[in-house]
Amino acid sequence: MKLALLFLLCVVARTDPGELKVQATLSSDHTTVAQPVQLQVEVRNVRMAEPPNISADGLSIRFASQSTRMQTLNGETSFNVNFTYVITPQREGSFSIPPVKLNLNGREIQSAPLTLTVLKEETNKPAEPNKSYFGELVVPKDSAYVGEPVPVELRYYFDRRIWYQPYPQGQLPIVDGDGFVTAKYPDPAEKEVQVNGRWYRVLIYKTAITGVRAGRLDLRSATQEFLLHVPVLRNAPPGFDDDFDQSPFSNGFSGYERKEASIATNGATIQIKALPTDGRPANFTGAVGTFTMTGSVHPTHAGVGDPLDLRIQISGNGSFDRVQAPTLAASPVWHVHQATSEIEAQDDIGLNAVKTFHYPIVANAPVHESPAASFSYFDPDQEKYVTLDLAPKEISVEGPQLSQPGSQPTPNISGPASPAQKPNLGLTDFVAKGETRGSFQPVNRNSGFWLIQLIPAAIAAGLAIGYWRKRRSQERAPLRVLLADRRAQRRKLAAPEAEVALSAAVRLIQLDPLVRSKGALRHITAEEALQQKEIPKEVRNGLNRVIEKRANCVYAGQAYTLSAAEHTEIKELIDAWEKAP
Amino acid sequence: MGKGAIKRLLIAASTWVFLANVVADGAELVTLEKANQAYREGKYEEARANYLQLISAGTAGPELFFNLGNIWLKEGEQGRAILNFRRSLVLDPNFAPAQQNLDSVLHSIGSTEEHPFYQWLRLRSDFWFVSTAIFFWLTAIAALLWATIQHFRTAAKIALLVFAPFLVLSLALTLWIGNGMKDPNLAVLVDQSADVRFGPAASSRTVVTMGAGQELRLATERGDWTFCRLGNGLSGWIHTQSVERIMPK
């Protein structure tokens, strides 16, 4: 059975090779000296891969394990390979982990670079370790540049017997201070830590703070409101300076107290430095961080006038909100349109990401190179501006040159198209008539349409009713015949000839059960009919005499005429027979 | 009040209604003529204002939207041009000049009509709905004839075999297409570009940047922002003024 199921799974599931992709993530982007963190490298849509070599100055990186994961989703099966590394920092500082490069099936793929901040051991310790709950603001560096996002953690420690939740639910911490902006908060993480021998649950909010002006940036505190359920002691021992006993079996324990608490963290100071004006490139748009740039053109073979997609990817670590479309080199051949962009975040707060720009480009003459591109940013580690250049890609655009009077090539467009740009596109242009025609209202919201439906509905209903009446009439036909027969026999009861009147009476005795069965009973003798009803004895005897007389008349040939008294008696007997239930 | 007074009152009211209609029609014709004249003379701003006035008065012909699209295009507003060409095609899916100009504009901004056959089907959503209704009744009546009248049994059976597949096909298309391009929540980006963001605020992070003329489906509105869903499955908040519904208000 299991083998059959496995076979079925193999038949049904379709293996989709998908796009090769590698993603590297750190279990925590900051730590302390000698405190290891985990590096996960996930290679998607591949069954087997060799663990890549990763090294970085100041970090001891050790390969730990490898696993392969198969998942089937909507009938499509994919394989991912995961490599786990353990990174142990050897000294404090900010370390850049280079992109993890893999060569798979002749194709080179790489992840985005990562940054690990290593702090001194003392700075990572909570400020108030003896309290039942307290907050802590962790800022990994004490200086940054304007526009440089600094990842921070807001940690809220709770003794592990305290039940807590942010209040109101979904409320995010408020960082008190001026001259900075905070990034979007991802969902907070929770973990358990031991501080000075006491276990705490820690709620960790990650975000990034970006200074917007040069000078001293004071983060006074980060406050968060919580609803707490705190264990209460009935008899606290004298001199006991804690909120409750550490022992879960304390005799003094008497339930939980519900309370609201506003927990503030410690403060921190960051020196925000101005970006240097010397050497600032003309196309610098405010991006601060460490970035790389790659590009491609699709398709690589096209005709003159066909739109191509020039795709430029900026990946790295930094202020992606300020990463604008790279500037394309001016060219009279290329007509460049407004770029669209999309961001794929590689970490929780979006500092590590890949931003992809799509430029629709149209060549108006044969050409064999795509436009070159350049992108500038400020590298805070090197403390200088860096300009990345993307070399033109080899392509083939063939065909006759386009002549477009009035249309101007728009090289080097990185902002919205100018309203003055009036393309001559060979449009159909005529002055239209003022005829009102068509409607924006869907026909299913038009009452006229539903009224018209009444016509076929009436036809269908007429047919259905006619069919029903016909069926009913067919079902009642035998009953109608019996009723007509009974009426005829009733008339014959008054006949003077004994044979006719007695035969009619006997037939009426037979007809009564036949009518009562509504035609279901096809034939019955008079004697059988008499057995079917509970009637008075004298009526039964009288009817038996009628049957006997009728037999004598018919079979013995006793033709005679009935008297009026006999007629009356027979009529009364038949009435009594028919009225009997 | 005597009978004569009532009669005079009725005559006066009828005359007033008649004259009011004549004057209104005259005003419309004058505005249309003025709009066309301004268009011919290259006074696009004036022509645009007149066309917009006519459209708000209910003169919603495909040609008016077509002209309006051309005016926006001459003023470099590709997004609004695409919107009006689409409106023109909603009113008349077979209006070839509008389709031709729409294709030209899309080509000029490096885009193409995504899934042209699907778009062709969407423009004709009413046709599929009406076809479904017609084939439903034809199939139902054929089935009733087959069941009720022995004499028509063979003919009804043939009719059933013919109509039922058409009913299934048109019903499937109706369910797939829905209201098509007449969906009241369907909108077009009229700005040259706009960011779709994670939250209804300019400071919120960008999900994707959209280009002029791209389609999106609007959901809830909050302040100056509207939650929207894009064709590629992404969703987010966009500035309400950057988009305009295909079904004009």
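Residues numbered from 1 in each chain as written. Chains lettered and ligands numbered in written order. Predicted model: local features only at pLDDT ≥ 70, side-chain atom pairs only at ≥ 80, totals over all residues.

Asks: Is there a simple way to explain the sheet that holds strand 22 (residues 268–273) of chain A in this structure?
Replies: Residue and element names in this part refer to chain A. A sheet is described by the order of its strands in space; here three strands give the open sequence 12-22-19, paired in mixed fashion. Each of the sheet's edge strands pairs with one partner strand only, and the pair in question is strand 12 (143–145) and strand 19 (215–219). Ignoring strand direction, the axes of neighbouring strands in this sheet form an average angle of 30 degrees. Two strands pair when backbone bridges link them, and strand 19 and strand 22 are joined in this way by five bridges, in the antiparallel orientation. Opposite Gly215, over in strand 22, you have Ile272 as the bridge partner. (Pairing = 2+ DSSP bridges. Helix = DSSP H or I, 4+ residues; strand = E, 2+ residues; numbered from the N terminus. Axes fitted to C-alpha atoms, helices over the stretch in contact; angles between N-to-C directions.)

Asks: Would you take a moment to explain the packing of helix 3 (residues 454–492) of chain A against helix 4 (residues 498–516) of chain A for this structure?
Replies: A pair of packed helices is characterised by two quantities: the angle between their axes and the separation of those axes. All names here are of chain A. Across the interface, helix 3 lies against helix 4 with an axial gap of 9 Å and an inter-helix angle of 150 degrees. In terms of orientation, helix 3 lies roughly antiparallel with respect to helix 4. Seen along the crossing, helix 3 lies across helix 4 with a hand that is left-handed. Between helix 3 and helix 4, the residues in contact are Leu482, Leu483, Asp485, Arg486, Gln489 and Lys492 and Val500, Ala501, Ala504, Arg507, Leu508, Leu511, Leu514 and Val515, respectively. Of the residues assigned to the contact of helix 3 with helix 4, the class counts are nine nonpolar, one polar and four charged. (Parallel < 35°, antiparallel > 145°, perpendicular 65-115°, else oblique. Left-handed = near helix turned anticlockwise from the far one by under 90°. Contact = placed C-beta atoms within 7 Å. Nonpolar A, V, L, I, M, F, W, Y, C, P; charged D, E, K, R; others polar.)

Asks: Please clarify how the nonpolar core should be interpreted in this entry.
Replies: Where a protein is soluble and globular, its nonpolar side chains tend to be buried together. Residues and elements named next belong to chain A. Grouped together as the largest cluster of nonpolar side chains are 49 residues, with contacts concentrated most on Leu137 and Val152. The greatest single-element share of this core, amounting to six residues, is contributed by strand 29 (residues 352–363). Of the residues that make up this core, three or more belong to each of domain 2 (125–236 + 250–272) and domain 3 (290–398). Non-local contacts of Leu137, meaning those with residues more than four positions away in its chain, are made with Val152, Leu154, Leu219, Ala222, Thr265, Asn266, Gly267 and Ala268. (Core = buried A, V, L, I, M, F, W, Y, C linked by C-beta atoms within 7 Å. Buried ≥ 20, exposed ≤ 12 C-beta atoms within 10 Å, placed from the backbone. Domains from an automatic or database assignment.)

Asks: Mind showing me how you'd approach the interface of chain B and chain A here?
Replies: By a widespread convention, an interface's size corresponds to the accessible area lost as its parts come together. At the junction of the two partners, chain B supplies 56 residues and chain A supplies 46 residues. Mapped by element, the contributors of at least two residues to the side of chain B that touches chain A are helix 1 (3–40), helix 3 (62–74), helix 4 (78–91), helix 5 (96–108), helix 7 (125–148) and strand 3 (206–211) of chain B. When residues of the side of chain B that touches chain A are assigned to their parent elements, the largest contribution, twelve residues, is made by helix 7 of chain B.

Asks: Explanation requested: the pairing of strand 9 (residues 107–110) of chain A in the structure shown.
Replies: Regular strands place their side chains on alternate faces of the sheet. All names here are of chain A. In this structure, strand 8 (residues 101–104) lies alongside strand 9, joined through four bridges in antiparallel fashion. Paired with Leu102 across the two strands is Ile109, which belongs to strand 9. A loop of two residues connects strand 8 with strand 9, the two strands running antiparallel in sequence, and Asn105 in this loop sits at a positive phi of about 50 degrees.

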